[in-house]
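Fold and contact review
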Amino acid sequence: MKKLIHICLWGLAVFCLAGCSKPIPDKTTFSLDKTGKITCTYVEDFSQDFYGGIDVEGELQAEIEAEVGDYNKKFDTAHLKLQLFQLEEKTGKMQLVFDEAKYYADYTGLGLFAGTVAEARGAGYDLDGEFIDAEGSLTDLSLLANGEQAKVLILELDEVMEVEVPGKVLCVTPPSNVVIAGKNGVSVSEAQQVCIVYE
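Residues numbered from 1 in each chain as written. Predicted model: local features only at pLDDT ≥ 70, side-chain atom pairs only at ≥ 80, totals over all residues. Heavy atoms only, no water.

1. Here's the deal with the sheet that holds strand β6 (residues 131-133)
Strand order across the open sheet formed by six strands is β5-β8-β13-β10-β6-β7, with antiparallel pairing between neighbours. The sheet terminates laterally at β5 (112-116) and β7 (138-139), the two strands that pair on one side only. Relative to β7, β6 is paired through two bridges, and the arrangement is antiparallel. For I132, the partnering residue across the bridge sits in β7 and is L138. (Pairing = 2+ DSSP bridges. Helix = DSSP H or I, 4+ residues; strand = E, 2+ residues; numbered from the N terminus.)

The structure is reproduced here in structure tokens:
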């Protein structure tokens, strides 16, 4: 009887841990958290004939691990981690976690800024254009209460992806090909630079 109770308790603990962990996105996603850490989830279809000769879970994973290891050799502490690599039903998922925005920009070669609107202006970014708000209406930052103190993520994308920020999205630009999806998410349908203002 005691053994059965232990098994049930262990199973409950595993269930709770699984329930508390953040689900893995089904689409390629860039996610910024409150601490400034970035998690990039890449979702790839491996059902195509092009990938037929590749040992995805062996050869490809080893190559990625080696690349991540080589990058971390530049620093005293590892700032990039391969969080996940899996293949299920011909869909491959990989998660890379960066300690800070600067390591993401360095590793990918893509532009990235995370800070306040005032800090972005100070860094030379032009934020005077048209934005679109959560209701789908055109707006600009001058119409936001405490707009200069709002947070902003300016991200250069080289592929279509979802973007998540650690706060409520107020507005985004450019107005085309960028849609506010939920409280803290943005869906980008074209590779381009996007600017997300949030609180």
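2. Here's the deal with the packing of aromatic side chains
By the definition in use, this model includes seven aromatic pairs. Ring geometry for Y71 and Y107: centres 5.2 Å apart, planes at 80°, overall edge-to-face. You can see Y71 sitting in helix α2 (residues 56-72) and its partner Y107 sitting in helix α3 (residues 101-108), a full 36 residues away along the chain. Classification of Y71 by relative accessible area gives buried; the value is 6%. On the basis of an interplanar angle of 85° and a centroid distance of 5.3 Å, the ring pair of F98 and Y104 is categorised as edge-to-face. Assessed through its relative accessible area of 0%, F98 is described here as buried. By the ring-pair criterion, three or more aromatic residues cluster together here, those being F30, Y71, F75, F98, Y103, Y104 and Y107. (Phe/Tyr/Trp six-rings, centres within 6.5 Å; stacked < 30°, edge-to-face > 60°. Buried < 20%, exposed > 50% of the residue type's maximum accessible area, 1.4 Å probe, protein only.)

3. Considering the environment of C195
Looking at the element boundaries, C195 is found in strand β13 (residues 193-198). On the basis of relative accessible area, C195 is assigned to the buried category, the value being 6%. As a C-alpha pair, C195 and E156 span 39 residues in sequence and 8.9 Å in three-dimensional space. If sequence neighbours within four positions are ignored, C195 has contacts with L127, F131, V152, L153, I154, C171, V172 and T173. (Contact = heavy atoms within 4.5 Å.)

4. Some details on the pattern of salt bridges
The full count for this structure, using the stated rule, is five salt bridges. Residue K73 is joined to D70 by a salt bridge in which the shortest nitrogen-to-oxygen separation is 3.5 Å. Residue classification places K73 among the exposed positions, given a relative accessible area of 66%. What emerges from the salt-bridge pattern is a single network uniting R121, D128 and E148. (Salt bridge = Lys/Arg side-chain N within 4 Å of Asp/Glu carboxyl O.)

5. Structural notes on unusual backbone geometry
For the bond running from T173 to P174, omega is 5°, close enough to zero to count as cis. With respect to the helices and strands, P174 occurs in the loop between β10 (169-173) and β11 (178-180). With phi around 55°, N146 is a residue other than glycine that occupies positive phi space. Along the chain, the position of N146 falls in the loop between β7 and β8 (151-156). Although it is not a glycine, N177 adopts a positive phi angle of roughly 65°. As for its placement among the helices and strands, N177 is situated in the loop between β10 and β11.

6. Regarding the nonpolar core
Counting 32 residues, the largest nonpolar core has F30, Y104, L153, L155 and V163 as the members making the most contacts within it. If we ignore the near neighbours within four places in the chain, the residues touching V163 are F30, L153, L155, L157, N184, G185, V186, V188 and I196. Counting twelve residues, the second largest nonpolar core, distinct from the first, contains V117, L127, V152 and C195. (Core = buried A, V, L, I, M, F, W, Y, C linked by side-chain atoms within 4.5 Å.)

7. Considerations on the pairing of strand β12 (residues 185-188)
Of the pairings in the sheet, the one linking strand β9 (residues 161-164) to β12 comprises four bridges and is antiparallel in character. Within the sheet, the bridge partner assigned to E162 lies in β12 and is S187. With three bridges joining them, β11 and β12 adopt antiparallel strand pairing. Bridge assignment links V179 to a residue of β12, and that residue is S187. Where β11 folds back onto β12 in an antiparallel hairpin, the turn is made up of four residues, including G182, whose phi is positive at roughly 85°.

So, to be careful, I would describe these as geometric facts and stop short of saying anything about function.
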